[in-house]
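Chain by chain, the residues:
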Amino acid sequence: MAKITASVYTSHVPAIGAALDLGKSGEPYWQPVFKGYDFSKQWLKDNPPDVIFLVYNDHATAFSLEMIPTFAIGTAAEFTPADEGWGPRPVPKVIGHPELAAHIAQSVIQQDFDLTIVNRMDVDHGLTVPLSLMCGQPQAWPCPVIPFAVNVVQYPVPSGRRCFELGKAIRKAVESFDKPLNVQIWGTGGMSHQLQGPRAGLINKEFDNAFLDQLIADPAGLAGKPHIDYVREAGSEGIELVMWLIARGAMSDVAGGPSPKVAHRFYHVPASNTAVGHLILENQT
C-alpha cells in the first residue's frame, strides 16, 4: 500500500526562481529567504519520497482565460518547464508518474470530485520554484512529480472546504494504490500578497502566522474561512492559500490518526513584495 508520509507547504514566488537562475541567491536581499530552506533541503535528502504530489496554480501558461479547469491532474510521463515570456527556467524536466496519477484520478473522480485529466502540459514557476527551494539546482529532480493544478486565478475559485475535502479524497486514493510508495504531498502558493490596484504590495504578517498556527492545529476550522477573508486580509493573491488545505487534508490526523510532527516552520518578508511561508509536517505512526 502506498502512503502519504509528509506534507510540505511553501510559497512559489517567481522572483525566487529568477534569483537562483541568475546566481543572486547569495545577495543580502535574498540570503534570508534561502537560509530558511537550508533545513528543508537536508530534510528532503534524509526523507526521500518515491513520488511528490505537487499542488500549485498555473499562471496562464498551460491554461488561459479561454479554458480554466478548477482541478487538473497531470498524468503524462514528463512535463517541460514553461516559457513564461522570458524563456523556460534552466531547470530539469519534470518526470511524472502516470500509473499513480491515473489511479488517483480514477479514485478521486469516483469519490465525486471532477478532475480534468491532462496528458500534455508545460509547468511554470508555481511548480518549479518549490522544487528548486527544496532540492537546490540538481541535474535531475530527485523523484517523479505529479502536477496538480488548481484554479485560484479566475473566479469562481474552489472554497477552502472543497480543497480540504479533496485532500482527504487524495489520501484515500494514495492508500488504495497497490505498490509500497512513499508519497509526499506539497501545497504551494501565497502567502499574503497583492500584485495590483491601490493595495499592491500588501503583506499581513499577523494573518499569515495565524494561518500557519491554525493550519497545524485546527485545519478543519481553517477550511471554513470564506474567500472574502483571504482577499480582505491577505490580498487578492492570498487566495492561493486554499491550495495548502489540499495538502493538509491529506494528512493522517484528519482521518483520526495522531497529530503530525512540525519538522520545520519558516516565515520571511519580503520576497519581491510577497510574504514567504514554509512548513513541513510529518505523519506520525
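Here is what the cut-offs are and how they apply
Residues numbered from 1 in each chain as written. Predicted model: local features only at pLDDT ≥ 70, side-chain atom pairs only at ≥ 80, totals over all residues. Heavy atoms only, no water. Axes fitted to C-alpha atoms, helices over the stretch in contact; angles between N-to-C directions. Helix = DSSP H or I, 4+ residues; strand = E, 2+ residues; numbered from the N terminus. Parallel < 35°, antiparallel > 145°, perpendicular 65-115°, else oblique. Left-handed = near helix turned anticlockwise from the far one by under 90°. Contact = heavy atoms within 4.5 Å. Nonpolar A, V, L, I, M, F, W, Y, C, P; charged D, E, K, R; others polar. Buried < 20%, exposed > 50% of the residue type's maximum accessible area, 1.4 Å probe, protein only. Pairing = 2+ DSSP bridges. Expected span 1.5 Å × (residues − 1). Salt bridge = Lys/Arg side-chain N within 4 Å of Asp/Glu carboxyl O. Polar contact = N/O pair within 3.5 Å; in protein donor to acceptor, adjacent residues only side chain to side chain. Core = buried A, V, L, I, M, F, W, Y, C linked by side-chain atoms within 4.5 Å.

## Some words on the packing of helix α1 (residues 14-21) against helix α5 (residues 125-135)
Point 1. Two elements in contact, α1 and α5, have axes whose closest approach is 9 Å; the angle formed by their N-to-C orientations is 55 degrees. Classified by the angle their axes make, α1 and α5 are oblique. Seen along the crossing, α1 lies across α5 with a hand that is left-handed. Taking contact as the criterion, the partners of P14, I16, G17 and L20 in α1 are, on α5, H125, V129, S132 and L133.
Point 2. The class makeup of the residues in the contact of α1 with α5 is five nonpolar, three polar and no charged.

## What about the pairing of strand β8 (residues 182-188)?
Point 1. Buried residues dominate β8, accounting for seven of its seven residues.
Point 2. Side chains N182, Q184, W186 and T188 of β8 all project onto a buried face; the interleaved residues V183, I185 and G187 project onto the opposite face, where all are buried too.
Point 3. Pairing geometry for strand β1 (residues 3-10) and β8, over seven bridges, is parallel. Within β8, the position partnered with A6 by the bridge is Q184.
Point 4. Two strands pair when backbone bridges link them, and strand β2 (residues 51-56) and β8 are joined in this way by five bridges, in the parallel orientation. Its bridge partner lying in β8, I52 is registered against Q184.

## Notes on helix α6 (residues 160-175)
Point 1. Here α6 contains 16 residues, and its C-alpha end-to-end distance of 23 Å stays within 8% of the 22 Å for a straight helix at 1.5 Å per residue.
Point 2. Residues of α6 that are buried: G160, C163, F164, L166, G167, A169, I170, R171, A173 and V174.

## Details of the pattern of salt bridges
Point 1. For the structure shown, the criterion picks out eight salt bridges.
Point 2. For R89, the salt bridge goes to D21, with nearest N and O atoms at 2.8 Å. Here R89, found in the loop between β4 (78-79) and β5 (94-95), pairs with D21, found in helix α1; they are 68 residues apart in sequence, far enough to count as distant.
Point 3. When its relative accessible area of 11% is taken as the criterion, R89 is described as buried.
Point 4. Ionic pairing is found between R248 and D253, a salt bridge with its closest N-O pair at 2.8 Å.

## Focus: the side chain of N57
Point 1. Position of N57 among the secondary structure elements: in the loop between β2 and β3 (71-74).
Point 2. Classification of N57 as buried rests on a relative accessible area of 1%.
Point 3. Engagement of the side chain of N57 in a polar contact is seen with the side chain of H12, the distance being 3.2 Å.
Point 4. The residues touching N57, leaving out its near neighbours within four places in the chain, are H12, D124, G126, V150, V152, V153, E240 and M243.

## Some remarks on the nonpolar core
Point 1. Ranked by internal contacts, the top residues of the largest apolar core, which has 53 residues, are F53, F148 and I246.
Point 2. If we ignore the near neighbours within four places in the chain, the residues touching F148 are F53, L54, V55, Y56, F71, A72, I73, L115, L166 and I246.
Point 3. Listed in part, the 41 residues of the second largest apolar core include V8, L127, L133 and V276.

## A short note on the side chain of Q194
Point 1. Mapped onto the elements of the fold, Q194 is located in the loop between β8 and α7 (205-217).
Point 2. On the basis of relative accessibility, which here comes to 9%, the residue Q194 falls in the buried class.
Point 3. A polar contact of 3.0 Å, which involves the side chain of Q194, links it to the backbone oxygen of Q196.
Point 4. A polar contact of 3.3 Å, which involves the side chain of Q194, links it to the side chain of R199.
Point 5. Not counting residues within four places of it along the chain, the set of residues in contact with Q194 comprises R199, A200, G201, L202, G235, S236 and E237.

## Quick word on the sheet that holds β3
Point 1. The strand order across the open sheet built from eight strands is β6-β3-β7-β2-β8-β1-β10-β9, with neighbouring strands paired in mixed fashion. The sheet terminates laterally at β6 (116-118) and β9 (261-268), the two strands that pair on one side only. Across the sheet, the mean angle from the axis of one strand to that of its neighbour is 15 degrees, orientation sign disregarded.
Point 2. Pairing geometry for β9 and strand β10 (residues 276-282), over seven bridges, is antiparallel. Residue R265 lies in a different strand from β10, and its bridge partner there is L279.

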